Every structure is written in structure tokens, then in C-alpha cells.
Amino acid sequence: MQMPQFTNPVLDSAFFIHQNSVDVGIPSKGVSSAAKKIYESMKERQYSTSTWKTHRLNPKVADENTINWIFLVDLLNFSFWSDLDTVDGTIPHPERYAVKFDGVRYTGYWSLCACVNRALQAGIPITSPRYYGYDASDDDLSAVFRSDTQEQIPLLEDRIRVMREAGRVLCEVSTTHVVCIKELECRVVCHEELASLVIYGVERYRTIIRSFAQKFDGNFSNCIRESKQSAMQLIDMVVREFESFKDEHLFLGRQVREKCFVNRRISRFAIRNKRACFEGDSFGKFDDIDEVTMFADYRVPLALYHLSALSYSQRLLDLLHARTPLASSSPEEIEIRGNSIWAVELIRQEIQQIIDDEHVAEGSHRQKMKVNAILLDFYIWDHAKEIQGKNGTVPAHRTRSIYY
């Protein structure tokens, strides 16, 4: 079968993984059934991403502080499953990692949000890249994530490491910027030469050096501005600049990418502001947000399997039911994540066809609705929470990773 051409490298990788998978499949009948169920449920609930803003822990104002909050939370949104939870039930183990904030106990992803808000409430500038990149000590950062139970936050050292790296990228001139300066016919190849150019008064390069030195100016909002209203450009920039977002692995000798970064993360902001303006300009408006794929974590595959949009080999089912950890970059993990991305894309195509057919049948002159993978990702993730612990669900796969 000839490989279709994709503009999104994640879709390209997902299709390649699907075509070469041994333990994970995508039943076509299951995809059609899942698409109908999801579409009818979304219509009935009037489901949209606007509910994100209503959660008590999420920011309510769209400003630069909110962007830095979202970036930090997205940077650290990985590996919250607990070793203490031996079953995928709705009631977590009483001693699993949890954080109390304003009298409410939070686990999982929401425990991270509670940590950040608890620190901000205490006057700690935890969302400032300068603070977590330079000013805070390791002990200061560890204290932000302190637990109110026996279990501590997983991968604490890795979280501090990725915070340091991200904070310094946002506050400093990076190697990438130096290369860009070199492409503008400047002989600069290192930080020392940047300084020497200024000392010797090389005026034609001084403005370039200054503009690149202040490119991000300690705010992730400047990364969004540089993306020029393109989600795909933002993805490429973030993957290029921030090591912890390079979710790339070798599969059958080929480099595959399994995350678009923006997905459930920054896309929370992006899709809510698709037609909105911020501070009088087009900030937060991404014209190509529909090209972004779902975020391949460990909950969405669980829901896709429950919807019959994924199938697993008996060998893989045995591993999952035994709660055997799957190593990051293992074939099993890559197949689960890659097929999840491709399954959501197929579901998206099916739902869009249903919408198109309804539009023609109604003879409507209203603008035709478009469904994208991000909205489906939100819905399927919520569905995974709803079915957690019910009979017939397969356990979520267990992989410790900084990518999800």
C-alpha cells in the first residue's frame, strides 16, 4: 500500500506505526461505531472546549500570566499514575500522591494544577520562567510539589530538570538563535563571539543580536507571537527549542514522532481563542488549529479500546491486565500511542462526513461545522474518566515518561 502524504509529521508517523503494528489494530467497524456514538453524545451534551475554563483550578483571564501558567502546567503534565493504585477504579488509593488546595483534595493532573495555584497563593512566582529557570533552588521547587499524602510526586528530579531547561530557553539566547544569526551572514557561532561583536561595535549586527537576545524575553507568549497564528509553526518551534517536547522514538528503524506538543496542552488555550483577540491583536488565534492531532497519553487509548476503535493482541492484553510496566520507546508503547493517534484521525474523518451529509440533507446555508482532533481528544479523555473502573475496560498501560 502506498503511503499517503501528510503535512503533519505526527500523522505521518502514526500511519506508519499503524501499518506496521503487531499487537495493536484499528477495526474499521469499531471506528464507524465510535464515530456515531461520539458525535451523537457531543450533540446531546452540546460538548465544547469552553468547559475547560469553568474548572475551579483553571485561570479565568486570558493574559500573559495565564499563558505562562498553561505552559508550566503543560510542561509538567506527565506521569501521574500511581504505583499504589493496583486497579483502575474510580476511588484512588488513600495514600497516592494528592494535593489539598482551598479545602479540596486533588489527584492526577489536577494535583499539578493545585500545586501551581497553591504556590501562587503563597506569593511564590512559580509560573515565572526566570524563577523556575534560575532563581529557585531545587529545594524551593521540590517544596512546590510537596504531597499531602504518603506518596510523593512521580519523577520529581525529571520535573525540576525540564523546568530548568525550559526556563533558561525562554530567558536566554539559545544555540538555535545563534545559528539563525549565522544564516544572516554573520560569523557568530558561539556566545563569546556575540559579546565580541558588540565590543568592537559591529553596528550592522548589533540590532540583530539584540533582537534575538530578547526573542522570548522570559515569556512563552512571545513564542506564540512568533508562530504568526500558526499552530504547526508553534509546534515546530517548541520541539526545536525545548528538549522535553521532543517526543520522538525509533520504530522499525524509522524515527517517529508521537506528540504535537500543542494537543491537549497549549491547544486548550488555542482552540478556545480560535476567533478571539488578545490585547487588541490576533494573539491566541491559530488559523491551522484543525491540523493538530490528539495527545497520545495513557487514558485516551483506554477509552478507544472501550469504544472498539482499538484492538489488542492477547499477548498485550495479558501484559496490561498483569499491570506489567511498558518501557518508554518499547514497541508495545509506540504501537498503543501511534494507533491511538491514527484511530482518532479516522474517527474525525467519519464524524466530518456525517456532518457534511447532514448539511447537504438539510440544505442549510449556515456555515458548515468542522470537527478537529483536539475537540475529540477532550471528549475521549473525559469518556476515559467516566468509564474508569467499569467492567469490560482494559487497564491503562503503565509507562514512566516525561512525554505524557
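See the structure above.
These lines cover the structure that appears in this document, whether it is placed above or below. (Residues numbered from 1 in each chain as written. Predicted model: local features only at pLDDT ≥ 70, side-chain atom pairs only at ≥ 80, totals over all residues. Heavy atoms only, no water.)

**With respect to the overall build of the chain**
In plain terms, the rule: A run of H or I in DSSP becomes a helix once it reaches four residues, and a run of E becomes a strand once it reaches two; helices and strands are each numbered from the N terminus. In this description, contact between two residues means that some pair of their heavy atoms is separated by no more than 4.5 Å. Areas reported as accessible are Shrake-Rupley estimates using a 1.4 Å probe. Residue values count occlusion only from the protein chains shown.
Scanning the chain from terminus to terminus reveals 17 helices and six strands. Expressed as a percentage of contacts within the chain between residues at least 6 apart in sequence, the contacts between residues at least 24 apart total 72%. Of the roughly 18,500 Å² that the chain leaves accessible, carbon and sulfur atoms contribute 50%.

**Considerations on the packing of helix 2 (residues 28-45) against helix 16 (residues 331-362)**
To be explicit about the condition: Interaxial angle, 0 to 180 degrees, is taken between N-to-C directions of lines fitted to C-alpha atoms, where a helix line uses only the stretch in contact. The labels follow the angle: roughly parallel below 35 degrees, roughly antiparallel above 145, roughly perpendicular from 65 to 115, and oblique for the rest. Crossing handedness is defined as follows: a turn of the near helix away from the far one that is anticlockwise and smaller than a right angle gives a left-handed crossing, while the clockwise case is right-handed. Residue type decides the class: Asp, Glu, Lys and Arg count as charged, Ala, Val, Leu, Ile, Met, Phe, Trp, Tyr, Cys and Pro as nonpolar, and the leftover types, Gly among them, as polar.
Running from N to C, helix 2 and helix 16 point in directions that differ by 60°, and their axes come no closer than 9 Å. Between helix 2 and helix 16, the angle is such that the two are oblique. Read as a crossing pair, helix 2 and helix 16 show a hand that is right-handed. Taking contact as the criterion, the partners of Val 31, Ser 32, Ala 34, Ala 35, Lys 36, Ile 38, Tyr 39 and Lys 43 in helix 2 are, on helix 16, Leu 346, Ile 347, Glu 350, Ile 351, Ile 354, Ile 355 and Glu 358. Residue classes in the contact of helix 2 with helix 16 are distributed as 10 nonpolar, one polar and four charged.

**Looking at the pairing of strand 4 (residues 248-251)**
Put simply, the rule reads: Only protein chains enter the accessibility calculation, which uses a 1.4 Å probe; a residue whose area is less than 20% of its type maximum is buried, one above 50% is exposed, and one in between is partly exposed. Whether two strands pair depends on DSSP finding at least two bridges between them.
Only one face of strand 4 is covered, namely the one carrying His 249 and Phe 251; the face carrying Glu 248 and Leu 250 has none of its residues buried. The pairing of strand 4 with strand 5 (residues 254-257) spans four bridges and is antiparallel. Looking at the pairing, His 249 lines up with Val 256 of strand 5. The antiparallel hairpin formed by strand 4 and strand 5 contains two residues in its connecting segment, where Leu 252 sits at a positive phi of about 55°.

**Regarding the packing of helix 3 (residues 64-75) against helix 4 (residues 109-121)**
Look at helix 3 against helix 4: their axes get within 10 Å of each other, and the N-to-C directions meet at 135°. One element, helix 3, and the other, helix 4, form an angle in the oblique class. Pair helix 3 / helix 4 crosses with right-handed handedness. Two secondary-structure elements touch here, helix 3 through Trp 69, Leu 72 and Val 73 and helix 4 through Tyr 109, Leu 112, Cys 113, Val 116, Asn 117 and Leu 120. By residue class, the composition of the contact of helix 3 with helix 4 is eight nonpolar, one polar and no charged.

**Looking at the environment of Pro 331**
Among the structural elements, Pro 331 can be located in helix 16. Given a relative accessible area of 46%, Pro 331 falls into the partly exposed group. Taking the C-alpha atoms as reference, Pro 331 lies 8.5 Å from Ser 21; in sequence the two are 310 residues apart.

**Quick notes on helix 3**
As a reminder, the rule being used: Each residue after the first adds 1.5 Å to the expected span of a helix. Within 3.5 Å is the distance limit for a polar contact, defined as a pair of N or O atoms, with the added protein rule that one can donate a hydrogen and the other accept it, and that residues adjacent in sequence qualify only through two side-chain atoms.
For helix 3, with 12 residues, the first-to-last C-alpha span of 16 Å sits near the 16 Å given by 1.5 Å per residue. Of all 12 residues that make up helix 3, 10 are buried, and the element is covered over most of its length. Along helix 3, the residues classified as buried are Thr 66, Ile 67, Asn 68, Trp 69, Ile 70, Phe 71, Leu 72, Val 73, Asp 74 and Leu 75. Where helix 3 starts, the residue carrying a side-chain oxygen 3.2 Å from the main-chain nitrogen of Asn 65 turns out to be Asp 63.

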